[in-house]
Amino acid sequence: MATKKIIGRTALALASASVLLVFAVSFLPVRFVVLWTDALIFILCAMCVGFAAYASQHEHLRAPWREVARDRVGVVAVVFLSAYLVIGLLDSVHFRMPLPDVKQSTEQQYSNDVLSVLDWMATPVREGVEKSYSAPFAAHLYVKETVDLPDGSKVRLYPRLQHGGAHLNNPEQERSGDILNTSLLSVIEGVVVWAVFTALLISWLARRHHRSVSEMFGLVMRGRTEIPWHVILLTTAILILLAILVVNLSGKYHIFGTDKVGQDTFYQTLKSIRTGLVIGTLTTLVMLPFAILAGIAAGYFRGLADDVIQYVYTTLSSIPGVLLIAAAILMLQVYMATHPELFETAAARADLRLLFLCIILGVTSWTGLCRLLRGEAMKLREMDYIQAAVAFGVGHFKIIGRHILPNVMHIVLISIVLDFSALVLAEAVLSYVGVGVDPTMNSWGNMINSARLEMAREPIVWWPLLAAFIFMFVLVLSANLFADAVRDAFDPRLRRSGLRACL
Amino acid sequence: MINYIIRRFFYAIPILIGVNLLTFALFFVVNTPDDMARMNLGMKRVTPEAIEKWKHERGYDKPLVFNGSAAGSEKFTDTIFYDKSVKLFVFEFGQSDSGRDITYDIKQRMWPSLVIALPILLIGLLTNITFALLVAFFRATYIDFWGVVLCVTLMSISSLFYIIGGQYLVGKLWHLVPISGYEEGFDAFKFVVLPVMVGVASGIGSGIRWYRTIFLEEMGKDYVRTARAKGLSESLVLFRHVLKNAMIPILTGVVVILPLLFMGNLVLESFFGIPGLGSYTIDAINMQDFAIVRSMVFLGSILYILGLLLTDISYTLVDPRVKLA
C-alpha cells in the first residue's frame, strides 16, 4: 500500500506542477509553438519519468539500474549525457516573440522566427553576427577587407570584429590578459558553484542515509559509497567549470570562431545537440512499437503471421539502408517542393523533415530488433510457465502482455542504447550525402559539410570542424560507454564483453 | 546441396518482387511523374508543355500499371510499371533522367568501386583479427582494458573526420599522395592508397571489439579448456583452436558483404573523387536523378540477397556440422 501512496503522491505533485507551469506560462507575452518533434520529445520524457517512477517501486527493475549506477565509467557517461539532455530540452521549448505594436492593431502580432529557450538564453551570441570568417577568440576578421580611412584613402587590412573582443581597445596587447582574467574569474565562480552543489548533495545524502554530514562527507570523499559519488562530483566539477568558462568567454569572444556568414560556430554546435538527440531517440521511439509487436507476434503465433512478418522484414532489410533513405528523402523533397502551403514557418518545415528522417531511419533499423525479439519470443513460448498459462486458459494477449513482454524488455533497452550512438553518427553521413536534415537546420553533419568546402582554403578554416568534432565525439563516446554499462547490467550472458569485465 | 541452392534461389524471388513493388510505390505513387518533372525543371514558371516533353523523353508519360488504350498484352506492357520496374529483373536499367545508359555506367563504374572496397575489406580483416587476437591473448589485463578503451574511442569518431583528417595530413600537409582523383591501370595505386588507409582506420575500432567478443566467447568453451588441460601453450590454443573455430562467425559477417563491395562506399568515393558506383549514387541523389537511384536500390538488394545465399553455402564449406537439406 505504501508504494501505491508514493506513486499517487508523485503523480499528484507532477500533475499540479504541470498545471501551475501552464498557468504561469500563459502569462508570458510570447506565443508558444509546439513542433512535431518537440511534442514527441516531451512524450518520450514523460514516458521515461513514468517508467522511472514505476521501476523505483519494483526491486527487480531497480537492481540492474543500480548496477549501472555502480559502474564508474557508466556514471561519468550519465553525467555528460544529462548535460547534453538539458541543452537539448532547453532547445525544444519553442516560442515566437511578440512584435512591437506598430500598426496599433488590437491583435498582437508575432515574429515569424521560431525561437527556443536556448536561443533566448544565448541571445548575445546568436545576434553577435560578424561579416565572415573569424578565428576562435579573434578580434579581427579572417579575411582582408578594403576599408576607407577618414582622410579618404583606402587600405586593405583585417577589420575589427563588431562583437568578438569589441570591448578591447588594443586587442594585440590586451587580449591574452583579458582571456586569462576572465578564465580565472570563471574558475573561482565555478569552484563556488561546485562547492554549493557538493554541499547540497552531501547533506541530501546524509539525510537519506541517516548519517551526520561530516561522516557522509568522509565516506563520499574516500569513495566508500555504493554509487561512486566522488566520481560524479569530479565530473560535475569539470562540467560546471567548463560551462561557466564558456558562458563568460562567449559573452566577449567567439570561442569557436564564426562561419562564412559570420554566425557564431559555438552557437551552431549547441543547436546541433538537439538535432543529434532527436535523431538518436525519436528514431527508436518511432520504430519501437512496430518492432516489438511484429517481433513478438512472429515468434509467439508462428504460422502465417510469422511468414508474413519475416517476409516483410527480409524485404526491407535487403535494401541497403542508405539507398532506401536516399530514395525516401528524395521523394519527400519532391513532395515538400510541390506542397509549400503545408508549412507555416521555415522551422516547421525543417522540423517535419527531421521527423520524417527519423521515421525513415526507423523503418530501416527496426528489422534487426524485430529479428532478435522473434527469436526470443520463440524461445519463451516453450517455457514451462507459459505452457502452464496456456493450460490454464489465459488469453494470448494476456500472456504476451504479462509474460513475454516483460521478459524481452532487456533486449529492447539494450538495442535502444546501442543504436543511439550509431544514429548520431549516421546523421552526419546522411547530411553529407544530401539526404539528411534540412540544410537550414543546425546539425553537425551540415556543419562538417559546409566546412569541408573550405578545406582547400589557405590558411585553412578549421574551427567549425573542431567544434563539431568535440561535441559529437563527447556525445557519442558517452553514449557508447553508457551503452556498455547498460548492456553489462541487463544482459548477464554478455557480461564478459564490457569494459569493466576486463579487470 | 544443389537442391538447397535452387530452393534458396526461388525463395529470393518473392523478396525481389517485394523490393521492386516497394521502389515502384516510392518513386511513382507517392509523387506523380508530374511532380518529378516540375522538381527537375525548376519549381517556378514551368509550362505544361515542358512537363509533357520531359515526361515523354523519359518514358514517364504512360499510365502507371494499366494502359486501357493499348491493344492486347500491351495493356500491361506499355506502362511505367512494366517499363521501369519489371525490366529491372533482367538487369535492363534503361536510361537515366539525363539520358545516359545506366547499365553501361554501372559496368564502367563497378571496377573502381571494387578496387577501393576489396583492399579495405582484406586489409581491415587482417588488422582487426590480428589486434583482436592480441587483445584476447592479454585478456583481463591492463592491455586489454586500454585496448578496449582505445577501440571505443575510435568508434566514437565519425567516419567523416577520418576522411577529412587523412586528406589533410597525408594529402595536404605531407604531400605524399594526391588528395583526390583516379586513373586507370597501375597509376591507380597512388590514388587508392589513402582511401584504403582511411577506410581501414575508420572501421578498426568497432572491428577489433567485435572480433574480440567472438574470440572471448569461443575461449569460454569446453574444448579450449580441454586443450589447455592437455598442456598446449596459450598461443597454440589461440591460433590453432580458437582462431579456426571463430572463423565461422567471422565468415558470416564477411561473405554477406562480398557482393555489396561492387556498390562501393558512398562517402569515401565522393570525398576522394573515385569514379565508382558510390559516387555515382551520390551524384544521382544530388542531381535528383530518380532513374539511377531506383536502379541502385534494386541492384543493392539483389547483391545483398546474393550475399545471404553465399553465406549459407560457405557455412557448409567451413563447418561440416551444418548440413543443408
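Numbering of residues begins from 1 in every chain and follows the order in which that chain's sequence is written. Each chain is given a letter, starting from A, and each ligand a number, starting from 1, according to the order in which they appear as written. Per-residue local features of the predicted model are confined to residues with pLDDT of at least 70, and side-chain atom pairs are confined, for both listing and counting, to 80 or more; whole-chain, interface and lining totals are unaffected and use all residues. Only hydrogens and water are set aside; all other atoms, that is, all heavy atoms of the structure, feed into the side-chain values.

Asker: I tried to follow the overall build of chain A on my own but got confused; where do I start?
Answerer: The number of helices and strands found in chain A is 17 helices and five strands. Reported as C-alpha extents along the three principal axes, the dimensions of chain A are approximately 100 × 65 × 60 Å. For every residue, the accessible area obtained with a 1.4 Å probe (protein chains only) is divided by the maximum for its type, and the residue is called buried under 20%, exposed over 50%, and partly exposed between those limits. Every one of the 503 residues in chain A was classed for burial, and the buried ones make up 46%. It only takes one pair of heavy atoms within 4.5 Å for two residues to be counted as in contact. Intrachain contacts of chain A at a sequence separation of at least 6 include 71% that bridge at least 24 residues. Under the DSSP-based scheme used, a helix requires at least four consecutive residues in state H or I and a strand at least two consecutive residues in state E, with every element numbered from the N terminus.

Asker: So what exactly am I meant to see when it comes to the overall build of chain B here?
Answerer: Within chain B, the regular secondary structure consists of 14 helices and zero strands. Mapped in sequence order, the helices and strands of chain B form the string α-α-α-α-α-α-α-α-α-α-α-α-α-α. It is over C-alpha atoms that the radius of gyration is taken, and the globule rule equals 2.2 Å times the number of residues to the power 0.38. Compactness check: chain B gives a C-alpha radius of gyration of 25 Å against a globular reference of 20 Å for 325 residues, more than 25% above the reference. Projected onto its principal axes, the C-alpha positions of chain B cover 80 × 60 × 35 Å. Burial status across chain B gives 47% buried among its 325 residues. Contacts in chain B between residues far apart in sequence, at least 24 positions, make up 69% of those at least 6 positions apart. To measure how exposed things are, a 1.4 Å probe is used in the Shrake-Rupley method; for residues, cover is taken only from the protein chains shown. Summed over its atoms, the accessible surface of chain B is roughly 16100 Å², and 67% of this surface lies on carbon and sulfur atoms. Charge separation in chain B, taken as the distance between the mean sites of 29 positive and 26 negative side-chain charges, equals 8 Å. Think of it this way: Lys and Arg go in the positive column, Asp and Glu in the negative one, and His and the chain ends go nowhere. Lys charges are placed at NZ, Arg charges at CZ, Asp charges at CG and Glu charges at CD.

Asker: Looking at this structure, how should I read the environment of B:Leu21?
Answerer: Relative to the helices and strands, B:Leu21 resides in helix α1 (residues 2-29). Since its relative accessible area comes to 46%, B:Leu21 is described here as partly exposed.

Asker: Explain the confidence of the model for chain A to me, please; I cannot follow it from the model alone.
Answerer: Low pLDDT marks regions whose predicted coordinates should not be analysed in detail. Averaged over all residues, the pLDDT of chain A equals 83, while 94% of them reach at least 70. Contacts of residues 495-503 of chain A to residues separated by more than four positions or lying in other chains number 31 contacts, the stretch itself having pLDDT below 50. For every residue, the pLDDT score states the predictor's confidence, bounded by 0 at the bottom and 100 at the top.

Asker: Hey, could you run me through the packing of aromatic side chains in this one?
Answerer: Any pair of aromatic rings gets described here by the distance separating the centres and the angle formed by the planes. Ring pairs are drawn from Phe, Tyr and Trp, using the six-membered ring of Trp, whenever the two centres fall within 6.5 Å, and their geometry is named by plane angle: stacked under 30 degrees, edge-to-face over 60, tilted for the rest. Taken as a whole, this structure holds 17 aromatic pairs over all chains when the rule is applied. An angle of 80° between the planes, with centres 5.1 Å apart, marks the rings of A:Tyr300 and A:Phe301 as edge-to-face. Judged by relative accessible area, which is 6%, A:Tyr300 ranks as buried. Aromatic pair B:Phe24 and B:Phe28: ring centres 5.4 Å apart, planes at 40°, arrangement tilted. You can see B:Phe24 and its partner B:Phe28 sitting in helix α1, four residues apart, about one turn around the helix. By relative accessible area, which is 6% here, B:Phe24 ends up buried. Counting every residue linked through ring pairs, the aromatic cluster contains A:Tyr133, A:Trp462 and A:Trp463.

Asker: I keep staring at unusual backbone geometry and nothing clicks. Help me out?
Answerer: Backbone geometry at A:His210 places phi at a positive 55°, although glycine is not the residue there. According to the relative accessible area criterion, A:His210 is exposed, its value standing at 72%. Despite not being glycine, B:His175 shows a phi value in the positive range, around 55°. Mapped onto the elements of the fold, B:His175 is located in the loop between α8 (159-173) and α9 (188-219). By relative accessible area, B:His175 is classed as exposed at 62%.

Asker: Explain the interface of chain B and chain A here, please?
Answerer: Interfaces are often described in size by the accessible area the parts lose on coming together. Facing 56 residues of chain B, the contacting portion of chain A comprises 53 residues. When chain B packs against chain A, the two sides together hide about 4800 Å² of surface, and 75% of this comes from carbon and sulfur. When the buried area of chain B at its contact with chain A is split by residue, B:Ser156, B:Phe161 and B:Ile285 rank highest and sum to 12% of it. Salt bridges are defined as contacts in which a side-chain nitrogen from Lys or Arg sits within 4 Å of a carboxyl oxygen from Asp or Glu. Connecting chain B to chain A are one salt bridge. The closest approach of N and O atoms between A:Asp484 and B:Arg209, which form a salt bridge, is 2.9 Å. Counting residues per element, the ones that place at least two in the side of chain B that touches chain A are α1, α2 (33-40), α7 (142-155), α8, α9, α12 (266-272), α13 (277-287) and α14 (290-318) of chain B. Classification used: nonpolar for Ala, Val, Leu, Ile, Met, Phe, Trp, Tyr, Cys and Pro, charged for Asp, Glu, Lys and Arg, polar for all others including Gly. For the side of chain B that touches chain A, the residue count by class is 35 nonpolar, 14 polar and seven charged. By buried area we mean the combined loss of accessible area, with a 1.4 Å probe, across both parts when two parts are placed together.

Asker: What exactly am I supposed to notice about the confidence of the model for chain B here?
Answerer: All names here are of chain B. Scored by pLDDT, chain B has a mean of 83; 98% of the residues are at 70 or more. The weakest mean pLDDT in chain B belongs to helix α4 (residues 74-77) at 70; the strongest belongs to helix α10 (residues 222-229) at 91. The complex model carries a pTM of 0.88, and its ipTM stands at 0.87.

Asker: Is there a simple way to think about a nonpolar patch on the surface in this case?
Answerer: Residues and elements named next belong to chain B. Residues enter patches when their relative accessible area tops 30% and they take part in no salt bridge; the joining distance is 9 Å for like charges and 5 Å for the nonpolar side chains Val, Leu, Ile, Met, Phe, Trp and Tyr. On the surface, Met 1, Ile 2, Ile 6, Phe 9, Phe 10, Ile 13, Ile 17, Leu 21, Phe 89 and Val 90 cluster together to form a nonpolar patch covering roughly 960 Å² of accessible area. By the secondary structure assignment, Ile 17 is in helix α1. Judged by relative accessible area, Ile 17 falls into the partly exposed class, the value being 38%.

Asker: Can you help me understand the sheet that holds strand β2 (residues 94-98) of chain A in this one?
Answerer: The strands making up a sheet associate through backbone hydrogen bonding, with each pair oriented either parallel or antiparallel. Residues and elements named next belong to chain A. With respect to topology, three strands assemble into an open sheet ordered β1-β2-β3, the strand pairing being antiparallel. Here the strands that pair on one side only, and so sit at the sheet edges, are β1 (31-33) and β3 (110-116). Taken over all neighbouring pairs, the strand axes of this sheet differ in orientation by 35° on average, direction set aside. Pairing of β1 with β2, which is carried by three bridges, proceeds in the antiparallel orientation. Pairing between strands requires that DSSP locate at least two bridges from one strand to the other. Simply put, an axis is a line fit to the C-alpha atoms, just over the touching stretch for a helix, and the angle between two N-to-C directions goes from 0 to 180 degrees.

Asker: Could you clarify how one ought to interpret the packing of helix α6 (residues 102-137) of chain B against helix α11 (residues 234-257) of chain B in this entry?
Answerer: Helices that pack against each other are described as a pair by the angle of their axes relative to one another and the distance between those axes. Residues and elements named next belong to chain B. Following both chains from N to C, one finds α6 and α11 inclined at 140°, their axes separated by 11 Å at the closest point. Compared by their axis directions, α6 and α11 come out oblique. At the point where α6 passes α11, the crossing takes the right-handed sense. Every residue of α11 that contacts α6 at Leu 121, Leu 125, Ile 129, Leu 133 and Phe 137 is listed here: Glu 234, Ser 235, Leu 238, Phe 239, Leu 243, Ile 250, Val 254 and Ile 257. Class assignment of the residues belonging to the contact of α6 with α11 gives a composition of 11 nonpolar, one polar and one charged. What sets the label is the angle itself: under 35 degrees gives roughly parallel, over 145 gives roughly antiparallel, 65 to 115 gives roughly perpendicular, and the rest give oblique. Whether a crossing is left-handed or right-handed is set by the direction in which the near helix is turned from the far one by less than a right angle, anticlockwise for left-handed and clockwise for right-handed.

Asker: Explanation requested: the nonpolar core in the structure shown.
Answerer: Here is a general trend for soluble globular proteins: nonpolar side chains tend to be buried in one another's company. If you look at the biggest cluster of nonpolar residues, it comprises 162 residues, and the most contacted ones within it are A:Leu357, A:Trp444 and A:Ile448. Among the elements that line this core, the one with the most residues is helix α10 (residues 265-301) of chain A, at 17 residues. Not counting the four nearest positions on each side in its chain, A:Ile448 is found in contact with A:Ala428, A:Leu465, A:Ala468, A:Met472, B:Leu160, B:Phe161 and B:Ile164. One finds B:Leu114, B:Val237, B:Val242 and B:Ala246 within the second-largest nonpolar core, a separate group that totals 24 residues. Here, nonpolar core refers to any group of buried Ala, Val, Leu, Ile, Met, Phe, Trp, Tyr and Cys residues whose side-chain atoms link them within 4.5 Å.

Asker: What is the right way to look at the pattern of salt bridges in this model?
Answerer: When the charged atoms of two side chains lie near each other, side chains of opposite charge can form a pair. Tallied over the entire structure, the rule returns 21 salt bridges over all chains. Among the salt bridges present, the one from B:Arg212 reaches B:Asp144, with a minimum N-O distance of 3.0 Å. Taken together, the positions of B:Arg212 in helix α9 and B:Asp144 in helix α7 put the pair 68 residues apart, joining distant regions of the chain. Accessibility classification places B:Arg212 together with B:Asp144 in one group, the buried group. Through salt bridges with shared partners, a single network forms among A:Glu59, A:Arg62 and A:Arg66.

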